[in-house]
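# Structural characterization, general
Spelled out, the chains give:
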Amino acid sequence: MIELDNIGYNYGGGELLTNVSAQLAPGSFHFLTGPSGAGKTTLLKLCYGALHPTSGRVRAFNMDVKGLDRDQTAMLRRRVGVVHQDCQFLNHLSIYENIALPLTVSGKALDSEEGNLNELINWVGLSERAEAKPPELSGGERQRAALARAVILSPDVVIADEPTGNVDWDMSQRLLRLLVELNRMGKTILVASHDLALIRAAKNQVQARVLRISDRRLTLAGADL
Amino acid sequence: MSQGRIRKILVGDAQADRVVPPSGFTAQLTLFVSGAMAFLVVFALALSLASGRLADRWSQELARAATLRINAPQDQLPAQTQVALTILQQTPGVSSAKALTPDEQAQLLSPWFGPDIPIDTLPVPQLIEIIEGNPGYDRAGLRLRLSAELPGAVLDDHTRWREPLVDAANSLRRLGLFSILLIGGATAAMITLAANAALAANAQVIEVLRLVGALDSYIAQAFIRRFTLRALIGSAVGVVLGMISILLLPEASDEGGFLTGLGFQGWGWAWPLLVPPLGALVAFVATGTAARRKLRELS
């Protein structure tokens with residue numbers, strides 16, 4: 001579904017990733033871990049075309065991501081739902097409108113999607129907060145709203161960048177359960193996290209592979225995880 | 001541009017409109033600039049149309065007219081006038097020739113000497129008005145014959161002062177049209193600046209929209225629609241104010257000359273109605289160009 005083929009990434013100040021290869025098979029669940037600044041977010045961005053590798057090739061849905069034009073990149077992002085570390089909401093819109101944003105920009109009538117939208121908001125437990133503005137929400141609520149927005153178009157792949165970074169353990173567990181549930185629905189999941197406790201907890205619920213970035217290289221984590 | 005896109009711009013999409021937050025400063029700037037420019041365009045149009053009418057009138061009214069001035073002692077003036085009229089009647093291409101009466105000559109001189117001028121006591125030359133036929137007469141030949149038979153007669157076909165006047169009126173018309181082009185260019189530049197400011201102020205919004213899969217055309221359209229409608233509304237207000245101002249100008253009169261004729265006549269009043277849609281078109285093109293360029297820069 002998404003394939004990293006011997007990629008390297010140089011951000012101008014030096015090599016961040018070298019000879020990284022990985023494959024996200026359909027329906028798989030991957031964690032991406034590593035120390036801060038190791039390149040986890042960069043690797044995720046390479047997967048959905050926000051960045052392009054300086055060497056090697058990223059393929060998504062059998063397309064070379066670097067060869068996509070701007071409209072094709074936008075279409076790719078409708079097939080890859082992303083939960084950003086800082087959520088990336090539009091603060092002048094309500095949570096309901098923010099979650100519906102992918103529907104709005106893809107030209108779908110909200111009236112016909114209202115049932116699905118309400119069901120999704122209910123699934124992430126934000127029915128009571130749907131009309132609130134993003135700054136009025138707690139960290140956990142914002143992450144759940146970001147997850148709802150990421151899956152509203154029913155993408156094939158969900159990528160989450162440190163979704164539990166600013167939330168307590170209970171909320172982390174709640175978010176994890178939502179991601180596991182999505183994986184059971186057949187979605188391919190890639191979660192960047194430095195929270196090893198969360199990763200261990202997840203491995204009890206789902207068959208997840210753990211990839212570790214260290215010293216510019218990507219390796220499969222061992223039995224310690 | 002597809003019909004669907006035109007419809008989206010005209011009718012809009014309430015949900016899509018809300019995606020980009022309203023930006024007060026650029027909205028007011030666009031409205032004001034469009035209104036002010038449309039107001040100026042109305043005046044430039046009025047100037048251009050009035051100059052055109054003046055040029056046409058001068059060239060048409062005077063093109064086929066000439067004046068023969070007979071300078072002679074007062075006692076010989078009637079005889080020489082008669083000779084001149086005979087010569088003119090014999091000249092092929094002269095449609096009519098008429099000696100001005102003392103009253104008509106006094107009326108011509110009244111702007112300089114007042115209405116009660118005792119013309120019979122002044123050594124005023126006799127004027128004969130000549131109307132040219134079609135085809136016209138041989139000016140050089142007529143001058144030669146007059147110099148032989150009436151040495152004191154001077155044929156003035158008005159070319160000397162008519163052509164510079166018509167040229168001046170035509171230049172004024174061109175100046176008016178050029179001003180309209182300049183105003184259009186300045187409007188486009190101002191709207192481009194305002195659109196760029198709005199796009200830069202909304203860089204974060206644009207980034208989020210790109211991340212959730214918005215096409216450039218979707219993002220650009222949100223700005224294009226906003227600026228096009230503002231330009232349309234601003235221009236419409238400017239045109240209405242401009243037309244009211246033109247209506248309030250003094251009516252055309254002979255005494256006022258060109259200055260009081262500055263305005264629209266007949267179908268000319270329809271021309272300003274084209275300004276709002278043209279202003280909207282300028283905004284549409286300017287915002288579209290700015291948005292496409294800015295979107296490429298931003299992501």
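An account of the accompanying structure is given in this report. (Residues numbered from 1 in each chain as written. Chains lettered and ligands numbered in written order. Predicted model: local features only at pLDDT ≥ 70, side-chain atom pairs only at ≥ 80, totals over all residues. Heavy atoms only, no water.)

## Details of the pattern of salt bridges
Convention followed: Salt-bridge detection follows one rule: a side-chain nitrogen of Lys or Arg within 4 Å of a carboxyl oxygen of Asp or Glu. Under the DSSP-based scheme used, a helix requires at least four consecutive residues in state H or I and a strand at least two consecutive residues in state E, with every element numbered from the N terminus. To sort residues, take the accessible area from a 1.4 Å probe on protein chains only and compare it with the maximum for the residue type: under 20% means buried, over 50% means exposed, and anything in between is partly exposed.
Applying the stated criterion to the full structure yields 11 salt bridges over all chains. Here A:Lys40 ties to A:Glu162 by a salt bridge, and the two come within 3.9 Å at their closest N and O atoms. Note that A:Lys40 is positioned in helix α1 (residues 40-47) and A:Glu162 in the loop between β7 (157-161) and α7 (169-184), a separation of 122 residues in sequence. Across the pair, exposure class does not vary: A:Lys40 and A:Glu162 are buried alike. Between B:Asp216 and A:Arg70 there is a salt bridge; the shortest N-O distance is 2.4 Å. Highlighted residues: B:Asp216 in helix α9 (residues 216-248) and A:Arg70 in helix α2 (residues 70-79), drawn from two different chains. B:Asp216 gets classed as buried once you look at its relative accessible area, which sits at 15%. Take A:Arg70: its relative accessible area is 23%, and that puts it in the partly exposed class.

## Focus on the sheet that holds strand β9 (residues 208-214) of chain A
All names here are of chain A. Put simply, the rule is: Here a strand pair is declared whenever DSSP counts at least two bridges between the two strands. Every axis in this analysis is a line fitted to C-alpha atoms, fitted for helices over the stretch in contact. Angles between the N-to-C directions lie between 0 and 180 degrees. Whether two residues are in contact is decided by their heavy atoms: any pair within 4.5 Å suffices.
Sheet architecture is open: 6 strands sit in the order β6-β7-β8-β3-β9-β10, paired in mixed fashion. Both edges of this open sheet fall to β6 (80-83) and β10 (217-220), since each of them pairs with a single strand only. Pairwise comparison of adjacent strand axes, ignoring direction, gives a mean angle of 20° for this sheet. Note that β6 and β7 share 4 bridges and pair parallel. Note that in β7 the partner of Val-80 across the bridge is Val-157. Of the strands in this sheet, β3 (29-33) and β9 are in contact with helix α8 (residues 196-203), which crosses β3 at around 165°.

## Concerning the sheet that holds strand β2 (residues 15-24) of chain A
Strand pairing in a sheet relies on backbone hydrogen bonds, with the paired strands running either antiparallel or parallel. Residue and element names in this part refer to chain A. The strand order across the open sheet built from 4 strands is β2-β1-β4-β5, with neighbouring strands paired in antiparallel fashion. Every interior strand has two partners, whereas the edge strands, β2 and β5 (63-64), have only one. Where strand β1 (residues 2-10) lies against strand β4 (residues 55-60), 5 bridges are found, and the strand directions are antiparallel. Paired with Gly-8 across the bridge in β4 is Ser-55.

By themselves these figures say nothing about function.
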